[in-house]
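A look at the structure
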Amino acid sequence: MEISWHTKTFSLLLLFIFSTLAPSKACHPVDKEALLDFKHKITDDPSKLLLSWTVSSDCCTSWEGVACDASGRVVNVSRPGLVSDNNDFIEDTYMSGTLSPSLGNLSSLQLLDLSNLKDLKGPIPQELGKLSKLTHLFLDTNKLTGSIPITLRYFSQLKKIYLSDNFLSGIVPPSVMKSWTSVSELGLSGNALSGPIPPTIGKLVMVTKLDLHENNFTGSIPTSIGNLRNLKYLDLSENQITGSIPQSIGGLAALELLYVNQNHLTGRIPSSISGLGSMIFCRLSENKLSGSLPPSIGLLSKVQRLILENNKLTGKLPPTVGRLTTLTDIFFSNNYFTGKIPSSFVNLLNLQTLDLSRNRLSGQLPPQLAKLKSLQALDLSYNPLGLVRIPDWFQELRVFQLMLAKTGIEGELPHWLSSSSLSQLDLSSNALTGKLPRWIGNMTRLSFLNLSNNGFHSSIPVEFKNLSLLMDLDIHSNKFSGRLNVIFSKEAQDPLGHFNSIDLSSNMFTGPVDDDIGERPAMASIRSLILSDNKFRGPLPKSVGKLGELQVLKVVNTGLSGTIPVELGDAKELSTILLSKNKLTGAIPEIVLNLKELKQFDVSSNKLRGRIPPHKAIIPASAFKNNPGLCGPPLPPCKRI
């Protein structure tokens, strides 16, 4: 949860205001009437934030959240939904109603904080534009609608304004942006604002924090943004912004955080990015940026996180990245980078995450990377590295996450893995062979294991039961055989180690599925169970219905026989049930076909009989075909005897 930037700063400000202002006159009647009208338009106040606001009391001395100057004029109205007491306990409440236009009559008002009340609705009154002395306006985290009033251009003394997390729509009036030359913090995120970002944004020469993320802004980033020399925080993410990143962005020498991810930006990353010498966090991901990474990126001497994933970047990784010794995280996945990983990366001694997956990198890995002792996660998956074997120097790394899917690895698993501290291991889509070694049971810290799409054979060793932290297992598309009991009876180390997902499909497992599968501790919270394309026999166990969190069940083409257990209807979260190409008999239980969350259902190519129960889910006729005894919608009607 993000508590707005102003929360702590503001508590100090309020203390200052309340301690220094001592009104010598009673509350001005115009101000009192305006506040009472505001209260009148509040329909629900469960925490009684406005209880002290009564006709018979003085608003300057008796009303909570109200402060006045010496002449009795209201200068501060602060009734936010998040309130901290002297013990730093935060009370979270709400207030329902609308904003009264009468608030515009508080002619001396400097601070208005009605943030986090969650249920203030309706428009921002045009009349607020009359508050010419206003310096702080906080209306964020409500349900306000309509557009930003053009009258807010009269806020010539405004320093901080947050309208975030509402339902505001329409454009940001250029004249409003142009007039806020004193604003240091502007938050408009989490709305439905549209149209281009006004070029007049370049007039906000005092702004240090600018948050426009999660709106529907279109057009390009204005070149005038380079004028914001004091800007430290810029978030334009989650919009519909197009065009290229302007060269002028290099003028933001004070910028520490830049988020423009999840837009439609194209073109190259400008070489002027070198001007962002104060940059700490940089996220340009989820765009359509192309071209090579400029070598000048090596001048971002303070950057810690560099997130460029999911773009169309090409060329070789510049060796100058190795100069960024403050880097803790590199996310370059899903681009078109080519060539070798530069040996200069050995200088990144603070690096914790290196994700270069889903590129076109090739060539020998620099063994010097073994010196990256801070590295916790290494993902080189889906690169044509042609590793053949996992280099021995990998055992010198202390990574918790090692992802080497489809990197050309062959042969058996290296024995040194048995003494590693890995929590996540992905070696899928390689050419690994042999048995799953007994020492797999020594990898007791594993929570995620993916060995799918390889050539492993034999049964699962009994030592597998020792993986008491394992939650996600994917070994599909191998030649594993034997019974499943070892997997389902795995130990669980509460509260961890309960399976979240299992995919054992496309192997050679045999025997009936264990009757008590739904009663095994490790299976208690499983959400996805995929057993398709094996050589089972016997029925689908009734105890599967006890898997209360199960959402996906796929047991296709396995030789299952018997009936579909009515108990399956007790697994209330099931959204996908695929049982086609088996030898199931009997009728389809009505309770199963009417599971509330059911979206996908297929029992085709079995030996089922009887009327298809009436159901609300939209299921095609193909899901029931090749069951000669089934009838009724969506199949042809049943014959009357």
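What counts, and at which threshold
- Every chain's residues receive numbers from 1 upward, in the order its sequence appears when written.
- With the structure being a predicted model, the display of local features is reserved for residues of pLDDT at least 70 and the display and counting of side-chain atom pairs for 80 or more, all residues being used for whole-chain, interface and lining totals.
- To get the side-chain values, take all heavy atoms of the structure and skip hydrogens and water.
- Here a strand is any run of E in DSSP of at least two residues, a helix any run of H or I of at least four, and the numbering for each starts at the N terminus.
- Residue burial is assigned from relative accessible area. The probe radius is 1.4 Å, only protein chains are included, and a residue is buried under 20% of its type maximum, exposed over 50%, and partly exposed in between.
- Contact criterion: two residues are considered in contact whenever any of their non-hydrogen atoms come within 4.5 Å of each other.
- Here the accessible surface of atoms and residues is derived via Shrake-Rupley with a 1.4 Å probe, and residues count as covered only by protein chains that are part of the display.
- A pair of strands is labelled paired if DSSP reports no fewer than 2 bridges between them.
- Only the contacting stretch of a helix is used when fitting its axis, a line to C-alpha atoms as for every element, and angles between N-to-C directions run 0 to 180 degrees.
- By this rule, a helix spans an expected 1.5 Å times one less than how many residues it contains.
- As used here, the arc belongs to the directions running from the helix axis to the C-beta atoms.
- Centres within 6.5 Å are what make two rings of Phe, Tyr or Trp a pair, Trp counting through its six-membered ring; a difference in plane orientation under 30 degrees is then read as stacked, over 60 as edge-to-face, and the rest as tilted.
- Only lysine NZ and arginine CZ atoms are considered, and such an atom sits over a ring when it is within 6 Å of the ring centre and within 35 degrees of the ring normal.
- Any two cysteine sulfur atoms lying within 2.5 Å of each other are counted as a disulfide.
- Two N or O atoms count as a polar contact when they lie within 3.5 Å, although within protein this holds only if one can serve as hydrogen donor and the other as acceptor, and sequence-adjacent residues are included solely when both atoms are side-chain atoms.

1. Quick look at the overall build of the chain
Looking only at helices and strands, the chain has five helices and 47 strands in total. Along the longest, intermediate and shortest principal axes, the C-alpha atoms of the chain span 90 × 75 × 45 Å. Within the chain, buried positions represent 55% of all 641 residues. A sequence separation of at least 24 residues applies to 54% of the contacts in the chain between residues at least 6 apart. For the chain, the exposed surface amounts to about 27,200 Å²; the carbon and sulfur share of it is 52%.

2. With respect to the pairing of strand β12 (residues 167-170)
Note: strand β10 (residues 143-146) against β12, two bridges, orientation parallel. Each bridged residue has a counterpart across the sheet, and for Thr145 the counterpart in β12 is Phe167. Pairing of β12 with strand β14 (residues 192-196) involves two bridges; the strand directions are parallel. Among the inter-strand pairings, Ser169 is bridged to a residue of β14, identified as Ala192.

3. A look at the sheet that holds β12
Judged by pairing direction, the sheet is mixed, and its seven strands sit side by side in the order β1-β6-β8-β10-β12-β14-β16 without closing on themselves. Lying at the two open borders of the sheet, with one neighbouring strand each, are β1 (42-44) and β16 (216-218). Pairwise comparison of adjacent strand axes, ignoring direction, gives a mean angle of 15 degrees for this sheet. The sheet contact formed by β14 and β16 spans three bridges and is parallel. Paired with Pro196 across the two strands is Thr218, which belongs to β16.

4. Section: helix α2 (residues 29-40)
Three or four residues apart is the spacing at which side chains of an α-helix point the same way, because the helix has 3.6 residues per turn. Across its 12 residues, α2 extends 16 Å between first and last C-alpha, which sits within 8% of the 16 Å expected from 1.5 Å per residue. Every buried residue belonging to α2 is among Asp31, Lys32, Ala34, Leu35 and Phe38, and all of these are buried. What you see down the axis of α2 is that its buried residues fit within an arc of 160 degrees, all on one side. Turned more than 90 degrees away from the buried face of α2 sit Pro29, Glu33 and His40, all of them exposed.

5. So, the sheet that holds strand β21 (residues 288-292)
Spatial strand order, β19-β21-β23-β25-β27: five strands in an open sheet with parallel pairing. Strands at the two margins of the open sheet, each flanked by one partner only, are β19 (266-267) and β27 (360-361). Sheet topology note: the strand β23 (residues 312-316)/strand β25 (residues 336-339) ladder contains three bridges and is parallel. When the sheet's bridge partners are listed, Gly315 is paired in β25 with Phe337.

6. Points about the packing of aromatic side chains
Any two aromatic rings considered together are summarised by their centre-to-centre distance and by the angle between their planes. Using the criterion set out here, one finds eight aromatic pairs in the structure. Between Phe332 and Phe337, the ring centres sit 5.8 Å apart and the planes meet at 40 degrees, which makes this aromatic pair tilted. Ring centres 6.1 Å apart and planes at 45 degrees place the aromatic pair Phe601 and Phe624 in the tilted group. Of this pair, Phe601 sits in strand β45 (residues 600-602) while Phe624 is found in the loop between β46 (607-611) and β47 (629-631), placing the two residues 23 residues apart along the sequence. Among the aromatic residues, those joined into a ring-pair cluster are Phe38, Trp53 and Trp63. A cation over an aromatic ring shows up here: Arg358 above the ring of Tyr382, its NZ or CZ 4.1 Å from the ring centre. Over the ring of Phe499 we find Lys490, and its NZ or CZ is 5.1 Å from the ring centre.

7. Observations concerning the state of the cysteines
Tallying each qualifying case throughout the model produces three disulfides. Two residues, Cys60 and Cys68, share a disulfide whose sulfurs are 2.1 Å apart. One disulfide, between Cys60 and Cys68, carries an S-S torsion of -90 degrees and so falls in the left-handed class. Accessibility classification places Cys60 together with Cys68 in one group, the buried group.

8. Focus on the environment of Asn310
Tracing the sequence through the fold places Asn310 in the loop between β22 (305-307) and β23. Judged by relative accessible area, Asn310 falls into the partly exposed class, the value being 28%. For the pair Asn310 and Ser285, spaced 25 residues apart in sequence, the C-alpha separation works out to 5.7 Å. In contact with Asn310, not counting residues within four places along its chain, are Ser285, Glu286, Asn287, Ser333, Asn334 and Asn335. Polar contacts involving the side chain of Asn310 include one to the side chain of Glu286, which spans 3.2 Å.

9. Regarding unusual backbone geometry
Asp494 connects to Pro495 through a cis peptide bond whose omega is 0 degrees. Looking along the chain, the bond that leaves Pro633 and enters Pro634 is cis, with omega of 5 degrees. Of note, Pro634 is situated in the segment after β47. For Glu286, which is not glycine, the phi dihedral falls at a positive 55 degrees. Its place among the elements puts Glu286 in the loop between β20 (281-283) and β21. Positive phi, normally seen in glycine, also occurs at Asn334, with a value near 60 degrees.

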